[in-house]
Amino acid sequence: MQLNNRYGNLASHVYNLDKHIGKSFGDVEFYRERLRDSTGPILEPAVGNGRVLIPLLDAGLQVVGFDASQEMLDHCTRECAARSLSPHVTRQTFEDFAYDECFEAVIIPAGSFQLITDHSVAMAALKRIFDHLLPNGRVILDVDPIGSVLSGASGIRRWTTQDGDLLTLTAQLAETDFVAQTTVSHLRYDRWRAGQLAASELEFFSLRWWGVEELGLALRATGFVDVTVSGNYQHGKAPENDDRSITFEARRPA
Ligand SMILES: C[S@@+](CC[C@H](N)C(=O)[O-])C[C@H]1O[C@@H](n2cnc3c(N)ncnc32)[C@H](O)[C@@H]1O
């Protein structure tokens with residue numbers, strides 16, 4: 001069984017409790033504002049539980065999405081149905097997604113682009129995104145700064161489910177590859193019922209870090225133009241050392 005970035009049953013449940021619909025890191029408002037004048041279709045790869053998709057649909061935008069995890073898509077479909085929304089969301093991956101139509105924008109919030117840990121696979125994904133954009137279409141994606149990837153998220157966190165179970169997540173940074181620019185964290189998810197362990201899940205969570213200039217060069221090498229880089233979801237503000245997020249926006253030429 002594949003353990004890498006799987007977002008399985010317990011992982012997706014934790015995601016939906018921790019990063020529930022309505023939660024924003026400043027990104028929801030940012031993407032909504034950057035897409036404000038869009039009239040055409042928008043694609044969100046790695047759409048997850050719909051945390052960003054749903055507010056964009058609520059704002060009247062036409063957004064579709066895909067995700068590699070069926071469990072995440074199930075949360076997304078349920079959350080959408082609870083709001084009488086039924087967007088087109090499918091099970092696909094960065095590596096092989098395909099659509100008959102082209103998009104006015106492709107957005108990748110929450111650092112999901114960093115889940116592609118192989119550089120050549122990431123470059124191929126950028127090309128696939130480019131090929132799925134209309135002329136003048138934009139890609140907007142954000143990455144975590146290198147420092148936060150390198151420090152990893154170690155420790156224990158917990159959540160209570162609707163039916164009173166306790167979910168715990170124990171995270172530990174296990175490997176750092178300074179050549180491939182990747183980290184691997186071991187994530188152990190446990191479900192506890194009445195003090196007894198009811199289920200466990202192990203995931204190897206792998207991320208690739210990108211230098212600011214490196215990702216700009218990668219976008220230009222793919223054919224994108226007008227590359228802008230912003231810190232902390234303030235469009236046009238050059239990233240600073242202690243920013244928590246770095247966003248790239250670039251355009252496919254007409
Ligand atoms: C951090 S979540 C982001 C969810 C949502 N976009 C948000 O902003 O809250 C990352 C998502 O990427 C998905 N994912 C991981 N590897 C993927 C891949 N190779 N192709 C497509 N989706 C992938 C996971 O299943 C997960 O739903």
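Residues numbered from 1 in each chain as written. Predicted model: local features only at pLDDT ≥ 70, side-chain atom pairs only at ≥ 80, totals over all residues. Heavy atoms only, no water.

K.L.:
Residues and numbers for helix α5 (residues 119-131), please.
P.N.:
Taking 1.5 Å of rise per residue, the 13 residues of α5 would be expected to cover 18 Å, and the 18 Å separating its terminal C-alpha atoms lies within 8% of that figure. Taken together, the buried residues of α5 touch β4 (103-108), β5 (133-143) and α7 (212-222). (Helix = DSSP H or I, 4+ residues; strand = E, 2+ residues; numbered from the N terminus. Expected span 1.5 Å × (residues − 1). Contact = heavy atoms within 4.5 Å.)

K.L.:
Lay out the nonpolar core with the relevant residues and their values.
P.N.:
One finds F113 and L141 to be the most contacted residues of the largest nonpolar core, which totals 30 residues. Those elements that provide at least two residues to this core are β2 (62-67), β4, α5, β5, α7 and β11 (246-251). In terms of residue count, the dominant contributor to this core is α5 (five residues). Leaving out residues up to four positions away in the same chain, L141 has contacts with Y31, I108, F113, L126, L215, I246, T247 and F248. Core analysis: the next-biggest nonpolar cluster, separate from the first, contains 22 residues, V28, L35, V63 and L73 among them. (Core = buried A, V, L, I, M, F, W, Y, C linked by side-chain atoms within 4.5 Å. Buried < 20%, exposed > 50% of the residue type's maximum accessible area, 1.4 Å probe, protein only.)

K.L.:
Lay out the site of the ligand with the relevant residues and their values.
P.N.:
Taken together, 22 residues sit near the ligand, with Y15, E44, A46, R51 and D67 positioned nearest. Within the side chain of E44, a nitrogen or oxygen atom sits 2.8 Å from a nitrogen atom of the ligand. At 3.2 Å from a nitrogen atom of the ligand is found a side-chain nitrogen or oxygen belonging to E95. Here the ligand, which alone exposes 600 Å², has 94% of that area covered by the protein. For the shell around the ligand, the per-class residue count stands at 12 nonpolar, six polar and four charged. (Near = heavy atom within 4 Å. Polar contact = N/O pair within 3.5 Å; in protein donor to acceptor, adjacent residues only side chain to side chain. Areas by Shrake-Rupley, 256 points an atom, 1.4 Å probe, with all protein chains shown as cover. Nonpolar A, V, L, I, M, F, W, Y, C, P; charged D, E, K, R; others polar.)

K.L.:
Report on the sheet that holds strand β6 (residues 155-160), specifying residues and quantitative values.
P.N.:
Strand order across the open sheet formed by four strands is β6-β7-β8-β9, with antiparallel pairing between neighbours. In this open sheet, the two edge strands, each paired with only one partner strand, are β6 and β9 (196-208). Across the sheet, the mean angle from the axis of one strand to that of its neighbour is 20 degrees, orientation sign disregarded. Bridge count for strand β7 (residues 166-177) against strand β8 (residues 182-193) is 11 bridges, and the pairing is antiparallel. The residue bridging Q172 from the neighbouring strand is H186, located in β8. (Pairing = 2+ DSSP bridges. Axes fitted to C-alpha atoms, helices over the stretch in contact; angles between N-to-C directions.)

K.L.:
Account for the side chain of S38, with residues named and values stated.
P.N.:
As for its placement among the helices and strands, S38 is situated in the loop between α2 (27-34) and β1 (41-45). By relative accessible area, S38 is classed as buried at 13%.

K.L.:
Tell me what's going on with the sheet that holds β4, and back it up with residues and numbers.
P.N.:
Spatially, the seven strands line up as an open sheet ordered β3-β2-β1-β4-β5-β11-β10, and their pairing is mixed. Strands with a single pairing partner mark the edges of an open sheet, and in this sheet they are β3 (89-91) and β10 (225-231). Pairwise comparison of adjacent strand axes, ignoring direction, gives a mean angle of 15 degrees for this sheet. Looking at chain direction, β2 and β3 are connected through three bridges and run parallel. Of the residues in β3, the one forming a bridge with F66 is T90. Relative to β5, α2 is tilted by about 165 degrees, and along the sheet it contacts β4, β5 and β11. Sheet strands touched by helix α4 (residues 70-81): β2 and β3. Its angle to β3, the strand with the most contacts, is close to 165 degrees.

K.L.:
How would you explain the packing of α5 against α7 if you had to name every residue and give the values?
P.N.:
Between α5 and α7, whose axes approach to 9 Å, the crossing angle comes to 50 degrees. The orientation of α5 relative to α7 falls into the category oblique. Both α5 and α7 take part in a crossing whose hand is right-handed. Of α7, the residues touching α5 (which contributes H119, M123, L126, K127 and F130) are E214, A218, L219, A221 and T222. Here the residues of the contact of α5 with α7 are counted per class, giving six nonpolar, two polar and two charged. (Parallel < 35°, antiparallel > 145°, perpendicular 65-115°, else oblique. Left-handed = near helix turned anticlockwise from the far one by under 90°.)

K.L.:
Before we move on, can you summarise the domain arrangement of the protein with the specific residues and values?
P.N.:
Assigned domains of the protein: these are domain 1 (2-145 + 210-251) and domain 2 (148-207). Summarising the inter-unit geometry, the C-alpha centres of domain 1 and domain 2 are found 23 Å apart. Listed by partner, the interface residues are 20 residues for domain 1 and 22 residues for domain 2. Each partner contributes to the roughly 1,800 Å² buried at the junction of domain 1 and domain 2, and carbon and sulfur atoms together form 58% of this total. Counting the surface domain 1 buries against domain 2, the share from its top three residues, L3, L10 and V14, is 33%. Viewed at the interface, domain 2 and domain 1 are joined by one salt bridge. Between R157 and D18 there is a salt bridge; the shortest N-O distance is 2.9 Å. (Domains from an automatic or database assignment. Buried area = accessible area lost by both parts, 1.4 Å probe. Salt bridge = Lys/Arg side-chain N within 4 Å of Asp/Glu carboxyl O.)

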